[in-house]
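The primary structure of each chain is shown beneath.
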Amino acid sequence: MQVNLLKQKTEAIFESFKEKFENVTTDEKKIDITLPGEPMSEGALHPLSIIRNRIIEIFSAVGFTVSDGPEIEDDWHNFTALNFPEEHPARDMQDTFFIRKNPDLALRTHTSSVQVRIMEKHKPPLRTISPGRVYRNEAISARAHCFFHQVEGLYIDKDVSFADLKQTLLYFAREMFGADTEIRLRPSYFPFTEPSAEMDISCNFCKGEGCNICKYTGWVEILGCGMIDPAVLDNCKIDSNVYSGFAFGMGIERITMLVYKINDLRIFSENDVRFLKQFSGIG
Ligand code: PHE
C-alpha cells in the first residue's frame, strides 16, 4: 500500500517536471556558448620535482642514465660495500634509522646504495645518476629534515681522472646556475672516495660580493664528490687495476633552495598550497 503511494507521488512529480521542460520555448533552451566556463585550477609540479627533472636533463645530455633502488636497504649496500667498516665512526656521519626487527636493514641514508647495486650488476663503462629519497635521524630545522632527496652520480671507465670529475661538475654547475658560475673544490672526507672533495659554487645571489646566503664568503657549498676508492670497486667485483671512476652526491632540497631563494626546507613537505602554487607553469 505504502509503496504504491510512493510510486504515485513520484510519478506525479516526474510528470510535472516533464511538462515543464516540454513547454519551454526553443529560445530558453539555447545555451550561450560565449559565457566564460567554470574556472579550473591546474595542478603543478612540486618544486623538488622540477629541479630533480632539470638535474636529470642536464646529466642525460652528457650520457648519464637514471637508476633506481629500494628505500629500505641492507647494511652491505648502504655501508659495508662503500667502505664503512662495522663499528667504524664514519657511520656516525649519517644518523641512521634502523629497522628494529632486523638490524641488518635500515632506511637508506644516501643513494650511493643504488650505485653499489649498479656496479654489482653491470660492467663498466658506467655512467648513471640515482635520484631518490633518503632518511637520516636528524633534528628537524630550517636546514635539515629526517628525510630529503638526493641525486648521486657515478662514472666508471678506463682512465677516468679527477679532471673528468671537475669538468663534468663545472658543466653541471653552469647549466644549473648560469654560464658565469665558477666552482671551487675543497678537500674533504668520505669513506668511499679518495681523494674526496666538497664543491662550492660562486654565490649566484651577490655574484661574489658577500651576502647572508654565502655567509659573506662569496661561495656556497652544493655537493660532495671524489674518485671512487679502489676498495669499493673491488667490493663490487670491478677490477680496480683496470678501471677508475668518480662519484658525486647532492641534496635536491639544497639546489632547489638556491635556485628559488627559499630559506626554510620544512616548507617542502608542509603541503601548503599558497607555497606550491607559486611554481605552476614552471618546468
Ligand atoms: N653519499 C654522500 C652523502 O650522502 C655524498 C657523496 C656521494 C660524496 C659521492 C662523495 C661521492 O653525504
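Structure's up top.
Residues numbered from 1 in each chain as written. Predicted model: local features only at pLDDT ≥ 70, side-chain atom pairs only at ≥ 80, totals over all residues. Heavy atoms only, no water.

Before going further, it helps to spend a moment on the site of the ligand. Taken together, the neighbourhood of the ligand is formed by 14 residues, with H110, S112, R136, Q150 and E152 sitting nearest. Take Q150: an N or O atom from its side chain is 2.9 Å from an oxygen atom of the ligand. Isolated, the ligand exposes 330 Å² of accessible area, and the fraction of that covered by the protein chains is 92%. In terms of residue count, the dominant contributor to the shell around the ligand is strand β10 (residues 244-251) (3 residues). Residue composition of the shell around the ligand, by class: 5 nonpolar, 7 polar and 2 charged. (Near = heavy atom within 4 Å. Polar contact = N/O pair within 3.5 Å; in protein donor to acceptor, adjacent residues only side chain to side chain. Areas by Shrake-Rupley, 256 points an atom, 1.4 Å probe, with all protein chains shown as cover. Helix = DSSP H or I, 4+ residues; strand = E, 2+ residues; numbered from the N terminus. Nonpolar A, V, L, I, M, F, W, Y, C, P; charged D, E, K, R; others polar.)

Moving on, we get to the packing of helix α3 (residues 47-60) against helix α8 (residues 252-260). Between α3 and α8, whose axes approach to 9 Å, the crossing angle comes to 100 degrees. Our classification of the angle between α3 and α8 gives roughly perpendicular. Touching P47, L48, I50, I51 and R52 of α3 are I252, E253, I255, T256, V259 and Y260, all from α8. Looking at the contact of α3 with α8 residue by residue, the classes come out as 8 nonpolar, 1 polar and 2 charged. (Axes fitted to C-alpha atoms, helices over the stretch in contact; angles between N-to-C directions. Parallel < 35°, antiparallel > 145°, perpendicular 65-115°, else oblique. Contact = heavy atoms within 4.5 Å.)

Before going further, it helps to examine the sheet that holds strand β8 (residues 193-202). A sheet is described by the order of its strands in space; here 7 strands give the open sequence β1-β5-β6-β10-β9-β8-β7, paired in mixed fashion. Either end of the sheet is taken by a strand with one partner, and the two such strands are β1 (65-66) and β7 (183-190). Bridging between β1 and strand β5 (residues 126-135) involves 2 bridges; their strand directions are parallel. If you follow V66 over to β5, its bridge partner there is I129. Sitting on the sheet, α3 touches β1, β5, β6 (147-157) and β10, and the angle it makes with β5 is about 165 degrees. (Pairing = 2+ DSSP bridges.)

Now for helix α6 (residues 162-177). Relative to the 22 Å expected for 16 residues at 1.5 Å per residue, α6 spans 22 Å between its end C-alpha atoms, a close match to the ideal helical length. Listed in full, the buried residues belonging to α6 are L165, T168, L169, L170, F172, A173, M176 and F177. N-cap assignment for α6: the residue whose side-chain oxygen lies 3.2 Å from the backbone N of A163 is S161. Of the residues flanking the end of α6, it is G178, one or two places downstream, whose phi is positive at about 115 degrees. (Expected span 1.5 Å × (residues − 1). Buried < 20%, exposed > 50% of the residue type's maximum accessible area, 1.4 Å probe, protein only.)

Before going further, it helps to examine the environment of L126. Position of L126 relative to the elements: it lies in strand β5. The exposure class of L126 is buried, given its relative accessible area of 7%. Remark: the alpha-carbon pair of L126 and G63, spanning 63 residues in sequence, is separated by 9.8 Å. For L126, the residues in contact, after removing those within four places along its chain, are I118, M119, L154, Y155, I156 and I238.

Negative phi values dominate among residues other than glycine, just as trans dominates among peptide bonds. Put simply, P124 and P125 share a cis peptide bond, and its omega is 0 degrees. The omega torsion of the bond from E194 to P195 falls at -5 degrees, within 30 degrees of zero and hence cis. The residue P195 is located in strand β8 in this model. Of note, the phi angle at D159 is positive, near 60 degrees, even though the residue is not glycine. Note that D159 resides in the loop between β6 and α6.

Quick look at the pattern of salt bridges now. One pass over the structure, following the stated rule, counts 11 salt bridges. Of the charged contacts in the structure, one is a salt bridge between R174 and E182, with a shortest N-O distance of 3.3 Å. Classification of E182 as partly exposed rests on a relative accessible area of 42%. The residue K207 makes a salt bridge to D180 at a minimum N-O spacing of 3.9 Å. Placement of the pair is K207 in the loop between β8 and β9 (219-228) and D180 in the loop between α6 and β7, with a sequence separation of 27 residues. Accessibility assignment for this pair places K207 and D180 in one class, exposed. (Salt bridge = Lys/Arg side-chain N within 4 Å of Asp/Glu carboxyl O.)

Note that soluble globular proteins tend to have their nonpolar side chains buried in a common cluster. In terms of nonpolar packing, the biggest core is built from 45 residues, with I222, F248 and M250 touching the most fellow members. Mapped by element, the contributors of at least two residues to this core are α3, β6, α6, β8, β9, β10, α8 and α9 (273-276). Discounting chain neighbours no more than four positions away, the residues touching F248 are F59, F64, Q115, I129, V151, E152, G153, L154, L169, L223, G224 and C225. In terms of nonpolar packing, the next biggest core, distinct from the first, is built from 21 residues, F84, V114, I156 and A247 among them. (Core = buried A, V, L, I, M, F, W, Y, C linked by side-chain atoms within 4.5 Å.)

The subject of this paragraph is the packing of aromatic side chains. Applying the stated rule across the entire model yields 13 aromatic pairs. Considering the side-chain rings of Y155 and F246, the 5.3 Å spacing of their centres and the 85 degrees angle between planes classify their relative orientation as edge-to-face. Note that Y155 is positioned in strand β6 and F246 in strand β10, a separation of 91 residues in sequence. Grouping residues by exposure puts Y155 and F246 together as buried. Taking the centre distance of 4.9 Å and the plane angle of 65 degrees together, the rings of Y260 and F279 count as edge-to-face. Pair noted here: Y260 is in helix α8 and F279 is in the segment after α9, with a separation of 19 residues, a long-range link. (Phe/Tyr/Trp six-rings, centres within 6.5 Å; stacked < 30°, edge-to-face > 60°.)

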